[in-house]
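Report on the structure
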Amino acid sequence: QVQLVESGGGLVQPGGSLRLSCVASGSISSFTAMGWYRQAPGKQRELVTTISSGGFANYADSVKGRFTISKDNAKNTVYLQMNSLKAEDTAVYYCNVRYGDGTWSTNWGQGTQVTVSS
């Protein structure tokens, strides 16, 4: 199972920006996609964005136009640039990988906390 380590979270004011990073223990080019999930207090974990092995990105409507996912295969790292942050973006953010059979890894990392507050 791949190991994933997220970082880059923190406390930011509404309208601010953060850049999250996720380093994988193996070559990310071997996965069909990578994604960022988030889980707010008292809510289920939700998929925020994905990027395919070919670089095609998809976004949840709630973050479209504000968040950008990217990846660096050479560094086995996926990034999440978050701009125009809102209070409702407050959550623990996790990255994950999708295997060739279409399933997502069940080996979640520790996540990184993002708190948007004035």
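Since the structure is predicted, the reported quantities are computational estimates derived from the model, not experimental observations.

Formed by 27 residues in total, the largest nonpolar core has its most connected members in Trp36, Phe67, Val78, Leu80, Met82 and Tyr93. Of all the secondary structure elements, the ones that give two or more residues to this core are strand 3 (18–24), strand 4 (33–39), strand 5 (46–52), strand 7 (67–72), strand 8 (77–82), strand 9 (91–98) and strand 10 (112–116). With residues near it in sequence (within four places) discarded, Leu80 still touches Leu18, Arg19, Leu20, Trp36, Thr49, Phe67, Thr68, Ile69 and Tyr93.

Read across the sheet, 6 strands follow the order 2-10-9-4-5-6 without closing on themselves; strand pairing throughout is mixed. With one partner strand each, in any of the chains shown, strand 2 (10–12) and strand 6 (57–59) form the two edges of the open sheet. Here the average twist between neighbouring strands, direction ignored, is 25°. In terms of strand pairing, strand 4 meets strand 9 through 7 bridges, oriented antiparallel. Considered in strand 9, the bridge of Gly35 is made with Asn96.

A separate point is the state of the cysteines. Tallied over the full model, the rule gives 1 disulfide. Across the disulfide from Cys22 sits Cys95; the S-S distance is 1.8 Å. With Cys22 in strand 3 and Cys95 in strand 9, the pair connects residues that are 73 residues apart, well separated along the chain. Given a relative accessible area of 0%, Cys22 falls into the buried group. Assessed through its relative accessible area of 0%, Cys95 is described here as buried.

Glancing now at the pattern of salt bridges. Taken as a whole and judged by the stated rule, the model has 4 salt bridges. Measuring nitrogen to oxygen at the nearest pair gives 2.7 Å for the salt bridge that ties Glu46 to Arg38. What you see here is one network of salt bridges that share partners, running through Arg38, Glu46, Arg66 and Asp89.

This part is about unusual backbone geometry. Note: most residues except glycine have negative phi, and most peptide bonds are trans. Unusually for a residue other than glycine, Asn76 sits at a positive phi of about 50°. In this structure, Asn76 sits in the loop between strand 7 and strand 8. At Ser84, a residue that is not glycine, the phi angle is positive and equals roughly 50°. On the secondary structure map, Ser84 appears in the loop between strand 8 and strand 9.

In this section: the packing of aromatic side chains. This model, assessed by the stated rule, comprises 4 aromatic pairs. An angle of 70° between the planes, with centres 5.7 Å apart, marks the rings of Phe31 and Tyr99 as edge-to-face. Of this pair, Phe31 sits in the loop between strand 3 and strand 4 while Tyr99 sits in the loop between strand 9 and strand 10, and the two are 68 residues apart along the sequence. Its relative accessible area of 8% is what places Phe31 among the buried residues. What makes Tyr99 partly exposed here is its relative accessible area of 24%. Their ring planes at 90° and their centres at 5.0 Å tell us that Tyr37 and Trp108 sit as a pair that is edge-to-face. Placement of the pair is Tyr37 in strand 4 and Trp108 in the loop between strand 9 and strand 10, with a sequence separation of 71 residues. We classify Tyr37 as buried; its relative accessible area is 12%. An aromatic cluster of at least three residues, connected via ring pairs, comprises Tyr37, Tyr94, Trp104 and Trp108. The side chain of Arg19 reaches across the aromatic face of Tyr79, ending 4.0 Å from its centre.

Cut-offs and rules
- Residues numbered from 1 in each chain as written.
- Predicted model: local features only at pLDDT ≥ 70, side-chain atom pairs only at ≥ 80, totals over all residues.
- Heavy atoms only, no water.
- Core = buried A, V, L, I, M, F, W, Y, C linked by side-chain atoms within 4.5 Å.
- Buried < 20%, exposed > 50% of the residue type's maximum accessible area, 1.4 Å probe, protein only.
- Helix = DSSP H or I, 4+ residues; strand = E, 2+ residues; numbered from the N terminus.
- Contact = heavy atoms within 4.5 Å.
- Pairing = 2+ DSSP bridges.
- Axes fitted to C-alpha atoms, helices over the stretch in contact; angles between N-to-C directions.
- Disulfide = S-S within 2.5 Å.
- Salt bridge = Lys/Arg side-chain N within 4 Å of Asp/Glu carboxyl O.
- Phe/Tyr/Trp six-rings, centres within 6.5 Å; stacked < 30°, edge-to-face > 60°.
- Lys NZ or Arg CZ within 6 Å of the ring centre and 35° of its normal.

So far we have only geometry, and geometry alone does not tell us how the molecule works.
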